[in-house]
Amino acid sequence: MTARQIRKDVWWMGAIDWDRRLFDSLIPLPDGTSYNAYLIKGKDKVVLIDSVDPTMTEILLNHLKMVDRLDYIISLHAEQDHSGAIPDVLKKYPEAKVISSSQAKEMLADLLHLPPDKIIPVEDGEKLSLGQKTLCFLYTPWVHWPETICVYLEEERILFSCDFFGSHLATSDLYVTDEGRVIEAAKRYYAEIMMPFRKIIQKNLEKISVWPFEIIAPSHGPLYDKPEFIVQAYREWVSDNPRNLVVIPYVSMHGSTFKMVRHLVSALMERGMEVRQFFLPETDLGKLAISLVDAATVVLGTPTVHVGPHPLATFAASLLNILRPKVKFLSVVGSYGWSTKVVEQIASLITNIKAEILPPVMAKGKPREADFRALDSLAETIFQKHQALRLL
Ligand code: FEO
């Protein structure tokens with residue numbers, strides 16, 4: 001892997017992680033990922049923006065052989081997939097100082113045990129001249145952590161955006177060549193880590209939009225040399241408007257909940273509604289998260305285990321609560337043998353979701369005709385709710 005030139009004296013020096021299949025011991029990475037670091041050589045100062053995941057430190061150190069001096073390492077985000085190699089870079093360049101937001105200073109000291117006197121905090125809007133190249137630091141909290149910043153290289157019109165606009169995508173392309181593929185990966189990434197901060201990201205989008213950037217250089221995935229399409233996609237994802245989409249994550253043990261889900265999906269489709277059904281024991285959580293970005297309604301399907309939801313349905317409810325999608329309506333369908341507190345227990349798990357709860361349908365044993373009629377009624381209610389919001 002070699003460093004790649006972006007503009008005069010501006011280089012990509014990241015690492016492509018083709019084989020990684022899981023992030024945070026949770027998030028599937030079907031297409032791998034990359035950790036993008038960047039080098040900028042000014043007339044007076046040489047700067048490295050971010051580092052790489054510690055598993056790929058050797059690759060970064062190899063890229064850095066092209067410079068015999070490093071003045072600053074800018075840490076846009078303290079999470080270790082970007083900051084983890086900084087201690088090794090500092091060993092190679094002991095004269096270098098680390099630049100970060102004021103909040104990241106403490107986090108870098110905690111996470112990497114960097115000496116606090118090595119870290120120079122910068123303020124929002126502060127500028128740094130490298131000699132004929134000028135960097136402007138922009139505080140953009142919650143893309144992905146509260147300390148995260150972007151930096152804008154004025155002369156070359158490049159926005160280094162860290163996780164913001166990133167995609168978990170291992171590719172040999174330096175720039176986006178297949179917009180459809182990148183949009184899917186970027187949406188997955190947004191859904192998994194940024195969706196909970198949707199309202200703050202709306203403000204960050206406005207903040208960065210005043211800068212006339214020609215390139216967005218994120219810390220994961222390919223760079224955007226036609227950035228408008230990803231900025232526009234983000235505008236849609238963070239907007240308050242859901243689509244005419246019903247998402248049904250479900251699990252079934254002996255087939256009763258499955259029969260109910262199948263009936264509900266059919267009843268919704270007959271009414272012209274888009275539906276996505278996810279079987280929780282086998283589904284790709286990223287695909288489920290992507291669907292939650294746009295969904296107007298979520299119906300969780302679960303049998304009763306003792307008196308509560310199946311553990312996978314509990315997990316799905318917790319995920320929903322963490323991701324905080326803009327969903328407007330929620331319901332539960334499922335079955336039980338002798339008694340159930342599924343609905344109450346799920347309700348207690350989704351307190352972050354400000355959605356209207358539609359009447360649940362819980363069948364005793366194998367669903368009967370009355371249960372299927374109740375599912376038809378739920379489908380009709382969802383249809384009318386979507387219609388009232390002018391979603392179809
Ligand atoms: Fe790619 Fe939040 O780290």
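Since this is a predicted model, take the numbers as computed values, not measurements. (Residues numbered from 1 in each chain as written. Predicted model: local features only at pLDDT ≥ 70, side-chain atom pairs only at ≥ 80, totals over all residues.)

1. Some thoughts on the domain arrangement of the protein
For clarity, the cut-off: Marked domain ranges trace back to an automatic or database domain assignment. C-beta atoms are placed from the backbone for every residue, and two residues are taken to be in contact when these atoms lie within 7 Å. Each residue is assigned to one class: nonpolar for Ala, Val, Leu, Ile, Met, Phe, Trp, Tyr, Cys and Pro, charged for Asp, Glu, Lys and Arg, and polar for all the others, Gly among them.
The assigned domain composition of the protein is domain 1 (4-238) and domain 2 (243-388). The straight-line distance from the C-alpha centre of domain 1 to that of domain 2 is 38 Å. If you look at the interface, domain 1 gives 12 residues, while domain 2 gives 12 residues. When grouped by side-chain class, the residues that make up the side of domain 1 that touches domain 2 number eight nonpolar, no polar and four charged.

2. What to know about the packing of helix H5 (residues 179-194) against helix H7 (residues 228-238)
Helix-helix packing: each pair is described by the crossing angle between the helix axes and the interaxial distance. What counts here: Lines are fitted to the C-alpha atoms to define the axes, a helix being fitted only along its stretch in contact, and any angle between axes, read from their N-to-C directions, falls within 0 to 180 degrees. Segments assigned H or I by DSSP are reported as helices when at least four residues long, segments assigned E as strands when at least two residues long, and all are numbered from the N terminus. Oblique is the label for any angle not covered by the other classes, which are roughly parallel (under 35 degrees), roughly antiparallel (over 145) and roughly perpendicular (65 to 115). Helix crossings fall into two classes, left-handed where the near helix is turned counterclockwise from the far one by less than a right angle and right-handed where it is turned clockwise.
For the pair H5 and H7, the least separation of the axes is 11 Å and the interaxial angle reads 40 degrees. As judged from the angle between their axes, H5 and H7 are oblique. The interaxial crossing formed by H5 with H7 has right-handed handedness. Residues Glu-179, Ile-183, Ala-186, Lys-187 and Tyr-190 of H5 touch H7, and the partners they reach there are Phe-229, Ile-230, Ala-233 and Trp-237. Among the residues forming the contact of H5 with H7, the class breakdown is seven nonpolar, no polar and two charged.

3. Points about helix H6 (residues 198-209)
To keep things clear, this is the line we draw: To estimate the expected span of a helix, count its residues, drop one, and scale the result by 1.5 Å. Whether a residue is buried, exposed or partly exposed follows from its count of other C-beta atoms within 10 Å of its own C-beta, namely 20 or more, 12 or fewer, or something in between, respectively; the C-beta atoms are built from the backbone. To obtain the arc, one takes the directions from the helix axis to the C-beta atoms.
Along its 12 residues, H6 runs 16 Å from first to last C-alpha, staying within 8% of the 16 Å computed at 1.5 Å per residue. For H6, the full list of buried residues reads Ile-201, Asn-204 and Ile-208. Burial along H6 is one-sided: seen end-on, the buried residues are contained in an arc of 55 degrees. In this structure, H6 carries Lys-199, Glu-206 and Ser-209 as exposed residues pointing more than 90 degrees from its buried face. Against the buried residues of H6 lie strand E13 (134-139), strand E14 (149-153), strand E15 (158-162), H5 and H7.

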